[in-house]
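Fold and contact review
Spelled out from the first residue to the last, the chains are:
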Amino acid sequence: MVSHSVWIVGTSRSGKTARLVEQFCSWVQPEKQFTESFYTKKPERKKGDGFSTRGFSTRGFSTRGFANANANAKGERIPEFLYLKQTEPGVLVLAANDDNRRELGDIIVTSTLGKYPVRAKTPLGFFQDEVILFWPLLINSLSLKAQFPVRLRPETEQELATKLWRPQLDEEILRIAGVNESRLVRRILDLLQLAAYSGVRCEDIAQILARGLGDNTTTLEPEFLASLLLDWRNWCLERGLLSYGIITELYSQYLLSDRNYQQHLTKRYQAVLADDVDDYPSVARLLFELLLDQGAVGAFSYNPDGAVRLGLGADPNYLEGLAERCRVEILTGPPSESLGEELTKQMVELVTEPMVLLSLPKMVHSIQTTSRAQLLRQTAEVIANTIQSQQVQAEQVAIIAPGLDAIARYTLVEILIKQNIQVESLNDQRPLVSSPVIRALLTMLALVYPGLGRLVDRDAVAEMLVVLSRKQQAPENSTDAINRVSTDIDPVRAGLIADYCFVPHPDRPNLLPVSTFERWDRIGYAATTAYNEILQWLEQQRSQQELRLIPSPISLLDRAIQRFLWNGSNLPYEQLAALRELLETAQHYWEIDTRLRQIAPDETTPHTTIIEFIQLLRRGTITANPYPVRPIGGARRAVTLATIFQYRSSRRSHRWHFWLDAGSPLWAKGGAATLFGAPFFLRDRLGEPWTAEDEKLAEEQRLRKILTDLLSRVSERVYLCHSDLAVNGQEQLGPLLPLVNACVTHSVI
C-alpha cells in the first residue's frame, strides 16, 4: 500500500514550503473538479466514493521508497479522512519559528483564496495551547490546585528561580560553577528545557548528567542540579505558573500519554503539515507518530543543511527517522538565483583542506584591513557607495556576522544612516532599558510612587525632562520620522533644571518650580512652559495615587505615553515596539505578582513590587519581543544586519552578502546558539559524554551547513570582510581565513 504521508527533502530555497502548500491544497480540495456548480447544477460526487485525479509534477525532485510519487494519478482510492471540511480543515500546521509561522499561514490562505481557516503554530506554541486547553486533565492526573495557569516569560522565570534558589547558591557553589549567579540560574533552567524537549522526565536529569559529565570536577553535582529543578517545577505547579520547560514536560510526559487527550487530538486533526522539521525538538516526533498511528496523514519538509536550532533543543537526526513512515521526495533542482551550486563545493573544500590551492570566482570579494575599526568603516563605506551608485538597492544587501557586539552594530548603523541608508537589525536582542524613552518612564514611576527615591538621580531626571518634552515637527527637507523629533527642553537646559530644581529624598523625591533657579530666565519660554506642564502632570498623578485612583503602575505608564509620547503623532516603529514591549512586560510582571499574592499575601508589598520591576529592567534584562514583532505594511528599504543564527532563522535571501569578521573563530562555534549540556539530550546519544573529538566533528559539520545555507541565500556577490586583529587585539585565524586569501581584494575608492 502506498503511504499517503510525504517527506520532502531539499536544501535552502529549493521549494520545500511551496511543495507543502501544494500538498495542503490537495488535501482540502481533492474533488475540486467534481464539485457541483452553482450555475450548472451538475451532480456532485459523494465524499469518499470517487477517486481524485489531482496530481503533482515530479519535475525537480525524485522519489525513493515507492515507485510512484503520485498515487492519485493511478486512480488509487484516497482515504476518507483526506476529505476535509471547509469550515474545519482538521490540519495541524507547524513552522519552526514565529516569523516562519506567520509567513506559512499567509501563503496557505493566499493559495486557498481564504476558504480554509488555518492557524499555523510553532511546536512550542502548540504545546502551550494544548496544556492550557486541557489543564483540567492535568489537574486530575497530577492532583494540582484548581487554578487557571499563568505562563512565565523567561525574564520573570529567571528572577523567581533566583529568589527560590538563592539560599542554596552560596559563594562556594558559584566558585565551582565559575560563573555569576544570573548565568548559573539561566544554565540550570536551560537544562530543564533541554530535557523536556528530548522527552526526558525531570527526575531523570541527574542520571543523564552523571553519565554525560562523568568525573568532571569543574561542574556541580548532577544530583544537586536535579534537586533544584525538581523544587522549581513543584513550586511553579503549586502556583499554576508555567515556563516553557514545564509546559513541554507536561505535554510530553502527561498529556500526550493520556487516552482522553489522544481521542480529542485525533478527532481534531486528520492531517499534519510541518515545515523545516530539522529545527523541531524530539517531542515533536512523538506527536507526529501518535497522529500517524491513529490514521492521520502527514507532510514534512526537511533540510539536511539546516538544523539552525541544533544546540537549542532541536534534534534533526531523531526527526529524520520519520522518513521511514513516509513517501520520500528529494527536491534536486538548484535554488533559483543563488550562488550555492557554483561556490559551495569550492568553499567547503578550501575550508576543510586549507592546503588546496584554489582561487574563488570574481563574485567573491574581500575587504581586508589591519584593525577592526578600519574594517567596520570600510565595510560601511563600500555598502554606501554601491547603494548610492545604484549598483544594488538597500533592501538587497545583508551584513552577516558570527557575533555582533554593540560597537560594531552602532558603527555600521551610524555611518549608513548618515548616508540616508536605513538599517534593519534582525531580532535585535538589546536590553529594554537601553532605550531613552524606557529609562524616562521608569524615572517617572519613581517620582510618582512613594518610597522609590533611591532609584532616582539628577542625570535620570534630566533625561526624563528631555524625553517627555518631545514634540513632532516636519522639516521641509526631511521625511524620516526619527529626524522629525525635537524637544522643547534640550539636554543643557534639562541639566540646569535637574541641578537646581530636583530635590532628592528617599521617600518623596520632588521637582520644584523653575523659579527656584535664580537665573530661570536663561531657561527660555518654550523650555519653561514644557517643564511646567510636566510638573503639573506629575503633581496631578501623585494626588490621584494618594487617593488610589490609579489602578496600577501599568495605567500610569499608559497615561504618560498617551500624554507625552504618543499625543496623536506617528512614532517610529522601533520606538513604538519598545513602548509596547514595556507595557507587555509590566502587564505580565503584575499578573505574576497578583498570582503570588493570592498564594502568599504577606510575602511582598506593592511598594516592593515596583522597586523590583524597575531594578529588573535596569539590570539590562532582555525581555520578550512585543506582538507583532514586525511592522505592518510593505518591507522596509533597509540594509539587513544580523548574526548568522538570526539570518538563517529568518530564511531570507539577498543579492549581496557582507560576511563580517570572516577571520573570526566564531564561525565554527555555536556561541550563544548552543546551550550548556545540549549534546547530552540528543536522542541518538542520550547521556553519552561529549569529547573533544565530538566537538571538532560538530564544528566541521556546523561550518559546512552554514556555508551551504548562506550561499543558497545570496544571488550575486559575497564580500568577505576581514581584519587582521580582533577587538581585543589578538590575531584572527578563524576557519574562513583560507577563503579570504583565495578571493579578489576590494579596494576602497
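As enumerated under the stated definition, the model contains 39 salt bridges in all. With a closest N to O distance of 2.6 Å, D293 and R325 form a salt bridge. Of this pair, D293 sits in helix α12 (residues 282-293) while R325 sits in the loop between α13 (316-320) and β9 (327-331); the two residues are 32 residues apart in sequence, bridging distant segments of the chain. Of the charged contacts, one joins E395 and R637 as a salt bridge, the two residues approaching to 3.4 Å between their closest N and O atoms. Of this pair, E395 sits in the loop between α15 (372-388) and β11 (397-401) while R637 is found in the loop between α23 (606-618) and β17 (638-643), placing the two residues 242 residues apart along the sequence. A residue is classified by how much of its surface remains accessible, and E395, at 28% relative accessible area, is partly exposed. Since its relative accessible area comes to 55%, R637 is described here as exposed.

What follows deals with unusual backbone geometry. Notably, L113 is not glycine yet its phi reads approximately 60 degrees, a positive angle. The topology assignment puts L113 in the loop between α2 (98-111) and β4 (120-121). Residues other than glycine seldom take positive phi values, yet R651 does so here, at roughly 60 degrees. By the secondary structure assignment, R651 is in the loop between α24 (644-650) and β18 (654-659).

This paragraph deals with the side chain of S252. Mapped onto the fold, S252 is located in helix α10 (residues 244-255). Here S252 is in contact with A196, G199 and V283, once residues within four sequence places are set aside.

What follows deals with the pairing of strand β10 (residues 364-369). The two faces of a sheet get side chains in turn, since along a regular strand they alternate between them. Burial of β10 is extensive: five of the six residues sit out of reach of the surface. Bridging between β10 and strand β19 (residues 714-723) involves six bridges; their strand directions are parallel. The residue bridging S366 from the neighbouring strand is L720, located in β19.

Rules behind the numbers
- Residues numbered from 1 in each chain as written.
- Predicted model: local features only at pLDDT ≥ 70, side-chain atom pairs only at ≥ 80, totals over all residues.
- Heavy atoms only, no water.
- Salt bridge = Lys/Arg side-chain N within 4 Å of Asp/Glu carboxyl O.
- Helix = DSSP H or I, 4+ residues; strand = E, 2+ residues; numbered from the N terminus.
- Buried < 20%, exposed > 50% of the residue type's maximum accessible area, 1.4 Å probe, protein only.
- Contact = heavy atoms within 4.5 Å.
- Pairing = 2+ DSSP bridges.

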